[in-house]
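# Descriptive structure summary
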Amino acid sequence: MTPDTIAQALHDLTQADPDIARALPQVGAPPSRQRERGFPTFFSTIVSQQLSVEAARAIMGRVNAVLPELHAQAVSEIEGQALRDAGLSWRKIEYAKELAEAELAGTFSADGLEHLSDEEVIAAITALRGFGRWSAEIYLMFSLGRPDVFPADDLALRVALGRLKRMDDKPTPKQARQMVEHWAPWKSVGSLFLWHYYRGEPL
C-alpha cells in the first residue's frame, strides 16, 4: 500500500464513514507499511510468534548467520539443533521444517500466492501448521498489497474500532467484520488507519 493508495482510500473512506471523517484530522494518515514476499517472510513469521520485536530480530540475526540463504532447501537440510541454538523452540523448528517440506513438495508455494484470490491465499496459508487466519491476512495486506482485508481477530484493531465507534466495549470479530463492510474495497487501509488511531487516539 503506497502513500498514494492510502490517500485515495482515505478520501473514499471519509465519504463512506463519518467516524473516520471525524478522526482523520485528529490523528492524520497512517504511514505506508510493506513487507517482503516469499518463503523468508513465512519463516520469520514463525520465529516472531509470541515474541517481542526485539527478541525476534535477535533470533533472525542468528538464523541468518547460519543460513545466509534462507530458502526451503536450506531449512530442510539444516540440523534442528542449529536452529535451536539460534533461539527457536523445538515447536517452531517443527513448523519451519514442515513449511520447507511443503514448499519443496509443491503442496505450498510462497511465490505462487500472488496469483490466488484472497480466500485462496488464506486457505493455502492456514493449511500450514503454525499459521492462523490472522497471519494469512497480514501477509495478504502487507506482502501482497491486497486492498480489502480486515484481520478481525486482531485485538488492537477491535479495541480501536470500538473507540472510533464510541462503543462501551470492543466488538467481537464477527461484529467487527459486519461493522466495516461499508469500507469495501478499502478495508486494508481502514485497518491501517485503526492501528494508527489505536496508538494516537486523542484524549
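Residues numbered from 1 in each chain as written. Predicted model: local features only at pLDDT ≥ 70, side-chain atom pairs only at ≥ 80, totals over all residues. Heavy atoms only, no water.

Identification of the protein as DNA-3-methyladenine glycosylase II from Vreelandella malpeensis is taken from an unreviewed UniProt entry. Recorded in UniProt under Catalytic activity (unreviewed entry), the annotation for the protein is "Hydrolysis of alkylated DNA, releasing 3-methyladenine, 3-methylguanine, 7-methylguanine and 7-methyladenine." (UniProt positions renumbered as here; feature names shortened; annotations may be inferred.)

### Points about the overall build of the protein
In terms of helices and strands, the protein carries 12 helices and 0 strands. In sequence order, the secondary structure elements of the protein are arranged as α-α-α-α-α-α-α-α-α-α-α-α. Along the first, second and third principal axes, the C-alpha atoms of the protein reach 55 × 35 × 30 Å. With 203 residues in all, the protein has 45% of them scored as buried. Here the analysis covers contacts within the protein between residues at least 6 apart in sequence; of these, 65% occur between residues at least 24 apart. Carbon and sulfur atoms make up 52% of the accessible area of the protein, which totals about 10300 Å². Charged side chains of the protein number 22 positive and 27 negative; the gap between the two group centres comes to 7 Å. (Helix = DSSP H or I, 4+ residues; strand = E, 2+ residues; numbered from the N terminus. Buried < 20%, exposed > 50% of the residue type's maximum accessible area, 1.4 Å probe, protein only. Contact = heavy atoms within 4.5 Å. Areas by Shrake-Rupley, 256 points an atom, 1.4 Å probe, with all protein chains shown as cover. Lys, Arg positive; Asp, Glu negative; His and termini not counted. Charge placed at Lys NZ, Arg CZ, Asp CG, Glu CD.)

### Remarks on the packing of aromatic side chains
Within the structure shown, the criterion is met by 6 aromatic pairs. Both rings, one in Phe42 and one in Phe108, keep their centres 5.3 Å apart while their planes meet at 85 degrees; by these two values the pair is edge-to-face. Remark: Phe108 occurs in the loop between helix H7 (90-105) and helix H8 (118-126) and Phe42 occurs in helix H3 (residues 39-48); sequence separation between them is 66 residues. For Phe42, a relative accessible area of 2% puts it in the buried group. On the basis of an interplanar angle of 80 degrees and a centroid distance of 6.3 Å, the ring pair of Phe150 and Trp183 is categorised as edge-to-face. You can see Phe150 sitting in the loop between helix H9 (133-142) and helix H10 (155-164) and its partner Trp183 sitting in the loop between helix H11 (173-179) and helix H12 (187-200), a full 33 residues away along the chain. Members of the aromatic cluster, joined through ring pairs, are Phe42, Phe108, Phe131 and Tyr139. In this structure, Arg33 packs its charged tip against the face of Phe142, placed 4.4 Å from the ring centre. (Phe/Tyr/Trp six-rings, centres within 6.5 Å; stacked < 30°, edge-to-face > 60°. Lys NZ or Arg CZ within 6 Å of the ring centre and 35° of its normal.)

### Side note on H3
Of all 10 residues in H3, 7 are buried, a share of seventy percent or more. Among the residues of H3, Phe39, Thr41, Phe42, Phe43, Thr45, Ile46 and Val47 are the ones counted as buried. The secondary structure elements touched by the buried residues of H3 are helix H4 (53-66), helix H5 (72-77), helix H6 (80-86), H7, H8 and H9.

### Thoughts on the pattern of salt bridges
Throughout the structure, instances matching the rule amount to 10 salt bridges. Between Glu98 and Arg129 there is a salt bridge; the shortest N-O distance is 2.9 Å. Placement of Glu98 in helix H7 and of Arg129 in the loop between H8 and H9 is noted, with a sequence separation of 31 residues between them. When its relative accessible area of 36% is taken as the criterion, Glu98 is described as partly exposed. (Salt bridge = Lys/Arg side-chain N within 4 Å of Asp/Glu carboxyl O.)

### Comments concerning the packing of H9 against H12
Their axes nearest at 10 Å, the elements H9 and H12 cross at an angle of 105 degrees. Of the possible angle classes, the one that applies to H9 and H12 is roughly perpendicular. Judged by residue contacts, Ile138, Met141 and Phe142 of H9 engage Ser188, Ser191, Leu192 and Trp195 from H12. A per-class count over the contact of H9 with H12 returns 5 nonpolar, 2 polar and no charged. (Axes fitted to C-alpha atoms, helices over the stretch in contact; angles between N-to-C directions. Parallel < 35°, antiparallel > 145°, perpendicular 65-115°, else oblique. Nonpolar A, V, L, I, M, F, W, Y, C, P; charged D, E, K, R; others polar.)

### Regarding the environment of Pro3
Checked against the element boundaries, Pro3 lands in helix H1 (residues 3-16). Judged by relative accessible area, which is 57%, Pro3 ranks as exposed. Distance in space between the C-alpha atoms of Pro3 and Pro31 is 7.2 Å, their sequence separation being 28 residues.

### Concerning the nonpolar core
Formed by 65 residues in total, the largest nonpolar core has its most connected members in Phe42, Phe43, Phe108, Ile125, Phe150, Trp183 and Phe193. Each residue touching Phe193, except ones within four places of it in the same chain, is listed here: Leu10, Ile20, Ala23, Leu24, Val27, Gly28, Pro30 and Leu164. (Core = buried A, V, L, I, M, F, W, Y, C linked by side-chain atoms within 4.5 Å.)

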